[in-house]
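Structural features, examined
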Amino acid sequence: MIEKDKAQNNATNPKIDDLKMNLEDGAGQPLTTNQGLKINDDQNSLLAGERGPTLLEDFHFREKMTHFDHERIPERIVHARGSGAHGYFESYGDLSEFTKAGFLNSKGKRTPVFTRFSTVAGSKGSTDLPRDVRGFSVKFYTEEGIYDFVGNNMPVFFIQDAMKFPDLVHAIKPEPNNEIPQAASAHDTFWDFISLMPESMHMIMWAMSDRALPRSLTMMEGFGVHTYRFVSESGKSSFVKFHWKPVAGTHSVTWDEAQKISGQDPDFHRRDLWNAIENGNFPEWEFGVQIVPEEDEFKFDFDLLDPTKLIPEELVPVRLIGKMVLNRNPENFFAETEQVAFHPGHVVPGIDFTNDPLLQGRLFSYTDTQLSRLGGPNFHEIPINRSVAPVHNNQRGGIARQAINKGQTSYSPNSLGGGCPFQSKMAEGGFTHHQERVEGHKIRTRSKSFMDHFSQAKLFFESQTKVEQDHMVEALRFELGKVTIEEIRERIVGMLTYINEELAQKVAKGLGIENIKKPEKPLNHSFGADANPEDYQPTEVKKSIEKSPKLSLMASPGKGIKGRVVAILANDGVDVASVNSYMAAFKKEGAEGKVISLHAGMISGSNGEKIKVDHSILTTASVLFDGVVIPGGEKSIDALSADADIIRFVDESYKHFKFIAYQGDAKKLWDKTYASRNQNAKGVLVDKSPQDYVSALEKHRIWEREDAQQIPV
Ligand code: HDE
């Protein structure tokens, strides 16, 4: 443990110290019951005679079985599938001009964090690679209490009012009659709902983009989505949007890959995060803020309170204020990743809310859901949720209460307890809500300023590169192609015409829709029975900027190849020096080379040196790697090129736009691929150095490869 602490620079992480109180380690210890009684036989029940019935008296059996029977808790209603890790946040400087939040107010200040990434729609055991939004939650264990960032990897949301959340989730989850499909939006109920809710169209553009297929959890951005508030010591308030920017850059996989990964390794993202941390390639993100002075609230052509809108970075740049490093895997998945409970309402002085009606609803939902998921009101005492700042109040009792609260009083005001625990003045860190002036009639409605449903959908689509736009067209063709009701497809395609005519045409073509009906109003069907439908319809498209290049995934390629994994195809007789030089080049960059061979175990190189095989071809697939390298060695190449799975491995890598390098005799193998029919195949490095390959890989994929899709694998 101490070694690990040192390596992970955690010797001074107060949350890790706090968790140590609850660590249990059975190594070298006798087996006991939960009451501490040493167990003599854990293999057999207590029987009445050798072949007799089991006795009710067998308390050891009863205890063991009862605990087992209750091992599961309800999975999260959304975001059930997740992976988490510990780490720290380090502030770059002093942000006290805008916020009094202590963890942001001095250069180099470190705060422990626990971060959980998730998919949204699938169950706990579903694949990591559905087309879906990803959750991005960070629990900051600050000296002033817990601050939870609970965001997504897309900066906007499907709906504007929390009232619609149960409907959205019911629509996207498996259909209630047959519980089909798992972890997928490509089905009737989801698109039926969307087709009646034009406010979703901006988020739909994001969900149909490559953002929904991240290569790695460590290669995606995070967004707070809502506009929050910063409040300074002097009470000055500003609006703020939160961002996480991955140092490794933003990268995705293709839809064909995603589907295949789901079969080959449904734990692909979880494994990737785990391995990166175990290998010491600690993932990093920079934390950024877009700050808008309060007086500029109405300066934009959209409403800052509308969670279906983003602030283009070209209008308000993102200011980077700190860095998060994830450097430690959990000891126990259930205790930490499953039981961690996030809540956008867990804030510290200096961070406050706005009246975004989606955010306001969330402030209710997150505690409420933990009551059934974690069994009662004491979930804050579960070690992973426990604040490192001291907790004292008059709450008592409840299921599984851990704290042994001393004293006679559990009320306030009291005199018998000396007035304790006492309230803190603002100057002593007591939280006060920002004093926003509020007035209005009590009405159920949606603000008219929220009705421009298409302008940012358009901005997003038109800011993508050609490759990304093509992927979006394919995604919509696929998703809507799975919809069995023709009117739903038509309604969506009709809606697309309001975003971009060409997009609508292309999707329609894929669906065999000959006459696109540009739908008349009402496009929006989400309003109360006595409301005037006209008041709820999308308004004119506004264009404050034509393009926002930052919205393209390809705008942030990052630096280096940290976290990438490259397949090295090798068999007995391989050129060992070549394998070793690739391995060394990858390791130096925080990436990994994995030797794939025809069999497991060891292979002997051309010089007799033994090399460990990481995967036999039977147990792996090209979709699990970022690229492929084929070193020379006559005997190795002869054996590999006679294997159809190896040829397919290379062809499939080509199909997925991956960089391929081969050397010397490996030309013989290359010549057997479909890909080799193209004399000018792009992204294929012949007899180049490992360093050349590393530089190429930095680009992630060679999207300019026009013939990639023609490979029939
Ligand atoms: Fe959540 N959301 N959400 N959500 N959400 C939950 O809380 C909810 C929304 C997000 O890793 C639940 O503890 C409502 C937006 C993440 O544990 C639940 C509304 C964003 C996670 C809940 C939203 C999110 C959740 C289920 C609309 C991005 C996983 C389990 C008003 C800004 C946290 C739980 C984790 C989880 C409610 C919309 C992000 C039911 C009512 C917008 C990352 O409370």
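Residues numbered from 1 in each chain as written. Predicted model: local features only at pLDDT ≥ 70, side-chain atom pairs only at ≥ 80, totals over all residues.

Here we take up the overall build of the protein. From N to C terminus, the protein includes 19 helices and 18 strands. In terms of overall size, the protein behaves like a compact globule, its C-alpha atoms giving a radius of gyration of 28 Å where 713 residues would be expected to give roughly 27 Å. C-alpha atoms of the protein, sized along the principal axes, occupy 90 × 80 × 60 Å. The burial tally for the protein puts 44% of its 713 residues in the buried class. In the protein, 74% of the contacts between residues at least 6 apart in sequence involve partners at least 24 apart. (Helix = DSSP H or I, 4+ residues; strand = E, 2+ residues; numbered from the N terminus. Rg over C-alpha atoms; globule rule 2.2 N^0.38 Å. Buried ≥ 20, exposed ≤ 12 C-beta atoms within 10 Å, placed from the backbone. Contact = placed C-beta atoms within 7 Å.)

This brings us to the pairing of strand β4 (residues 145–152). Across the 8 residues of β4, 7 count as buried, placing the element largely inside the fold. Relative to β4, strand β3 (residues 134–142) is paired through 8 bridges, and the arrangement is antiparallel. Bridge pairing in β4 links S137 to V150. Hairpin geometry of β3 and β4 is characterised by an intervening segment of 2 residues between the two adjacent antiparallel strands. (Pairing = 2+ DSSP bridges.)

Here we take up the UniProt feature "binding site: heme" (unreviewed entry) in the protein. Those places that UniProt annotates as "binding site: heme" (unreviewed entry) correspond, in this numbering, to R76, R116, F165, R362, Y366 and R373. Among the secondary structure elements, Y366 is positioned in helix α10 (residues 357–373). Filtering out sequence-adjacent residues up to four positions away, Y366 remains in contact with F342, H343, P344 and G345. Since 17 C-beta atoms lie within 10 Å of it, R373 is described here as partly exposed. When sequence neighbours within four positions are dropped, the list of residues in contact with R373 reads I73, P74 and R76. (UniProt positions renumbered as here; feature names shortened; annotations may be inferred.)

Taken in spatial order, the 6 strands make up an open sheet running β15-β12-β11-β16-β17-β18, and their pairing is parallel. Here the strands that pair on one side only, and so sit at the sheet edges, are β15 (615–616) and β18 (684–686). Note that strand β17 (residues 659–662) and β18 share 3 bridges and pair parallel. Within the sheet, the bridge partner assigned to Y662 lies in β18 and is V686. Sheet strands touched by helix α15 (residues 576–588): β11 (565–569), β12 (592–597) and β16 (627–630). Its angle to β12, the strand with the most contacts, is close to 145 degrees. (Axes fitted to C-alpha atoms, helices over the stretch in contact; angles between N-to-C directions.)

This part is about the site of the ligand. Around the ligand there are 24 residues in total, and R76, H79, G135, A162 and V225 lie nearest to it. Breaking the shell around the ligand down by element, the ones donating at least two residues are β2 (110–119), β3, β4 and α10. Looking at the shell around the ligand element by element, the count peaks at 6 residues for α10. Residues that form the shell around the ligand fall into these classes: 11 nonpolar, 10 polar and 3 charged. (Near = placed C-beta within 6 Å. Nonpolar A, V, L, I, M, F, W, Y, C, P; charged D, E, K, R; others polar.)

Residues lying three or four places apart along an α-helix face the same way, a consequence of the helix completing one turn every 3.6 residues. Among the residues of helix α14 (residues 501–511), L503, A504, K506, V507 and A508 are the ones counted as buried. Those residues of α14 hidden inside the fold are in contact with α11 (455–462), α12 (466–481) and α13 (486–497). Looking one or two residues past α14, G512 carries a phi angle of roughly 70 degrees, positive in sign.

What follows concerns the domain arrangement of the protein. Each assigned domain of the protein is listed with its residue range as follows: domain 1 (37–71) and domain 2 (560–710). Once you take the C-alpha centre of each, domain 1 and domain 2 turn out to be 54 Å apart. (Domains from an automatic or database assignment.)

We now examine the packing of α12 against α14. Helix packing geometry: the angle between the two helix axes and the distance between the axes. As a packed pair, α12 and α14 sit with axes 9 Å apart at the nearest point and diverge in direction by 45 degrees. Taken together, the axes of α12 and α14 are oblique relative to one another. You can see that α12 and α14 cross each other, and the crossing is right-handed. Residue-level contacts link V473, L476, R477, L480 and G481 of α12 to L503, K506, V507, G510 and L511 of α14. (Parallel < 35°, antiparallel > 145°, perpendicular 65-115°, else oblique. Left-handed = near helix turned anticlockwise from the far one by under 90°.)

To continue, consider the pairing of strand β1 (residues 82–91). The buried fraction of β1 amounts to 9 of the 10 residues, a majority that puts the element mostly inside the structure. One ladder, built from 9 bridges, connects β1 with β2; its direction is antiparallel. Note on β2: the bridge partner recorded for G84 is R116.

All right, on to the UniProt feature "active site" (unreviewed entry) in the protein then. As recorded in UniProt, the sites labelled "active site" (unreviewed entry) are H79 and N152. The greatest C-alpha distance among the annotated residues, which extend across 74 residues, is 10.4 Å, indicating that they converge on a single site. Relative to the elements of secondary structure, H79 occurs in the loop between α3 (59–69) and β1. Overall, the presence of 22 C-beta atoms within 10 Å leaves H79 in the buried class. Discounting residues that sit within four places of it in the chain, H79 has contacts with S118, V120 and G135. Positionally, N152 belongs in strand β4. Filtering out sequence-adjacent residues up to four positions away, N152 remains in contact with V133, R134, G135, F136, F223 and V225.

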